[in-house]
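Per-entry structural report
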Amino acid sequence: MHSTINKYSLICHATKNILCGCLKRYSSHFVYHPEPISNELGKTSKKNMYQAINSAMDLVLSKDSNSVVFGEDVGFGGVFRCTSGLRERYGKDRVFNTPLCEQGIVGFGIGLAVAGTTAIAEIQFADYMFPALDQLVNEAAKYRYRSGNLFDCGKLTVRTPCSAVGHGALYHSQSPESFYAHAPGLKIVMPRSALTAKGLLLSCIRDPNPCIFFEPKIMYRLAVDDVPDDDYELPLEKAEVLVEGRDITLIGWGTQVHVLLEVAEIANKDFGISCEVIDLVTILPWDKQTVANSVKKTGRAIVSHEAPLTGGFGAEISASIQEDCFLHLESPIRRVTGYDTPFPHVFEQFYLPNKWKCLQAIKELVNY
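Let us look at the structure shown here. These numbers come from a predicted model, not from an experiment. (Residues numbered from 1 in each chain as written. Predicted model: local features only at pLDDT ≥ 70, side-chain atom pairs only at ≥ 80, totals over all residues. Heavy atoms only, no water.)

This paragraph deals with the overall build of the chain. Scanning the chain from N- to C-terminus turns up 14 helices and 14 strands. Summarising its shape, the C-alpha atoms of the chain cover approximately 70 × 70 × 45 Å along the three principal directions. Counting across all 368 residues of the chain, residues that qualify as buried make up 55%. Taking the intrachain contacts of the chain between residues at least 6 apart in sequence as the baseline, contacts between residues at least 24 apart amount to 83%. Surface exposure of the chain reaches about 16600 Å², of which carbon and sulfur atoms provide 57%. Taking the average place of the 36 positive charges on the side chains of the chain and the average place of its 41 negative ones, the gap between the two points comes to 4 Å. (Helix = DSSP H or I, 4+ residues; strand = E, 2+ residues; numbered from the N terminus. Buried < 20%, exposed > 50% of the residue type's maximum accessible area, 1.4 Å probe, protein only. Contact = heavy atoms within 4.5 Å. Areas by Shrake-Rupley, 256 points an atom, 1.4 Å probe, with all protein chains shown as cover. Lys, Arg positive; Asp, Glu negative; His and termini not counted. Charge placed at Lys NZ, Arg CZ, Asp CG, Glu CD.)

As C-alpha cells, then:
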C-alpha cells in the first residue's frame, strides 16, 4: 500500500509540474530581455515597468507645478499601481479620480491642455478608450491645425495599458494602436521595457503634441531593468536597431520585440540565419528611414504585432517597404500577427504571434 501511495504521489506531483509549466507558459509567451546597463544616465536602481512609469510621473509632478494626473482610480494607485503614492505626495487637487467615462476623461484633458496645464490622463484599459475616439481623433489631433497654430493641446498625454496579459480575453487584451495611427496630429508610442518606458513617457509629456502612450500590461511587473533615478528623455520618432543582421529584418514594438529577440537567437543558433531586430518605438510618426535602410541591406522583412492582421499597422509598414525597397527584396514581405477574430481567452496561446510562428516565417522567407 505504501509503494502504491508513493507511485500515485509521484504521478500527481508530475502532473502538477506539467500543469504549472503550462500555466506559466500561457501567462508569458516570451522571454524578457533586460536593457543593457549603462552609466551614461547616472545612478540607477532596479525598477519594473510600473515603477519606472510612476517615477516618470513623480518627476513631472515635482518639477512642473502646473501638472496633474487623473483617471479612474488613480488616486488609489490605479488598477496596476502606476500612480501609487502620488496623491499622498502631491495632493488630491493634482492627482485625482474621475468618473468612469473615457470620453469625459479625454475631453477634460483636452480642455486642461488647451488652457496650459500639463495633463496626464489614464485610461484604465486601452480596450475601453474607444468611447474617446472622437475626442482624440476629431479634437486633440486637429486642435493645432484647425486654429492655425493659435491654440493646441500638446500638453495632453494619455496613458493606457494594452496587449495580451495571459488571461485578459476579448475586453482586456487588445492592441488598438492602428486605430489611432490613422489620425495625423497624434503621436503613438509603445515602450518595450522599464528603462524605455520612463524615458519615452517623459518625452511624451514634454512633447508639443498630444501623445497616446500604450503600456504593454504584461510587462508591468515582468520587465525589470536598471532604470536611471534622475530625469532623462528618449527620442520619439526614432526606431532602434537592437540586433544587427544580414539575412532578414524583424520589426516589432512593445511586447513583440522580446518575441523577435528570442526568435533571432534561435534562428542564428539553430539555422545560421542572421536577423536584424528593430524596435519601431513610435508608431506615429514612425521611422521609415531606419526600416528602409535595414531592408535594403537584408533583402527580407517580417513585421509582427499582436493586433489582428487586417488593418494592423504592419500593413502600413509593408506597403512602405514595398514602395521604397522593391528592387532590393529577395522575398515577399511577411506579416506575423494576431488573427482576424476577437481576442480569445482559453485559446490565447494559439492566437498570439509567438516565436514558433515567427521562426517558421523566417525559414520560409530565407528559403523562398
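Looking at where E262 falls in the secondary structure, it is placed in helix α10 (residues 256–271). Since its relative accessible area comes to 10%, E262 is described here as buried. For E262, the residues in contact, after removing those within four places along its chain, are F30, V31, H33 and K355.

This part is about the sheet that holds strand β7 (residues 211–216). Taken in spatial order, the seven strands of this open sheet run β3-β2-β4-β5-β7-β6-β12, and their pairing is mixed. A strand with exactly one partner marks an edge of an open sheet, and here the two such strands are β3 (95–97) and β12 (282–284). Strand-to-strand twist across the sheet, computed as the mean angle between neighbouring axes with direction ignored, equals 20°. Here strand β2 (residues 67–71) pairs with β3 via three bridges, running parallel. For V69, the partnering residue across the bridge sits in β3 and is V95. Along the sheet, helix α8 (residues 194–206) contacts β4 (118–122), β5 (156–162), β6 (187–189) and β7; its crossing angle with β7, the most-contacted strand, is approximately 165°. (Pairing = 2+ DSSP bridges. Axes fitted to C-alpha atoms, helices over the stretch in contact; angles between N-to-C directions.)

Turning to the packing of helix α4 (residues 102–114) against helix α5 (residues 133–140), a few remarks are in order. At a minimum axis distance of 8 Å, the contact between α4 and α5 shows a crossing angle of 25°. In terms of axis orientation, α4 runs roughly parallel to α5. For the pair α4 and α5, the contacting residues are Q103, V106, G107 and I110 in the first and Q135, L136, E139 and A140 in the second. (Parallel < 35°, antiparallel > 145°, perpendicular 65-115°, else oblique.)

Moving on, we come to the sheet that holds strand β11 (residues 275–279). Read across the open sheet, the five strands follow the order β9-β11-β10-β13-β14; overall the sheet is mixed. Sheet topology places β9 (240–243) and β14 (334–338) at the edges, where each strand pairs with a single neighbour. Averaged over all adjacent pairs, the angle separating strand axes in this sheet is 25°, with direction ignored. Direction of pairing for strand β13 (residues 301–308) relative to β14: parallel, over a ladder of five bridges. Paired with V303 across the bridge in β14 is R335.

Attention now moves to the packing of aromatic side chains. Each pair of aromatic rings is reported with the distance of its centres and the angle of its planes. A full pass over the atoms with the stated rule returns 14 aromatic pairs. Between W253 and F313 the ring centres are 6.2 Å apart and the planes differ by 75°, which places this aromatic pair in the edge-to-face class. With a gap of 60 residues between them, W253 in the loop between β10 (248–252) and α10 and F313 in helix α12 (residues 313–325) connect regions that are remote in the sequence. The residues W253 and F313 share a single accessibility class, namely buried. Ring plane angle 55° and centroid distance 4.7 Å describe the contact between F343 and Y351, whose orientation is recorded as tilted. One exposure class covers both F343 and Y351, and it is buried. Of the aromatic side chains, those joined through ring pairs into one cluster are F80, F125, Y128 and Y220. (Phe/Tyr/Trp six-rings, centres within 6.5 Å; stacked < 30°, edge-to-face > 60°.)

Geometry only, nothing functional implied.
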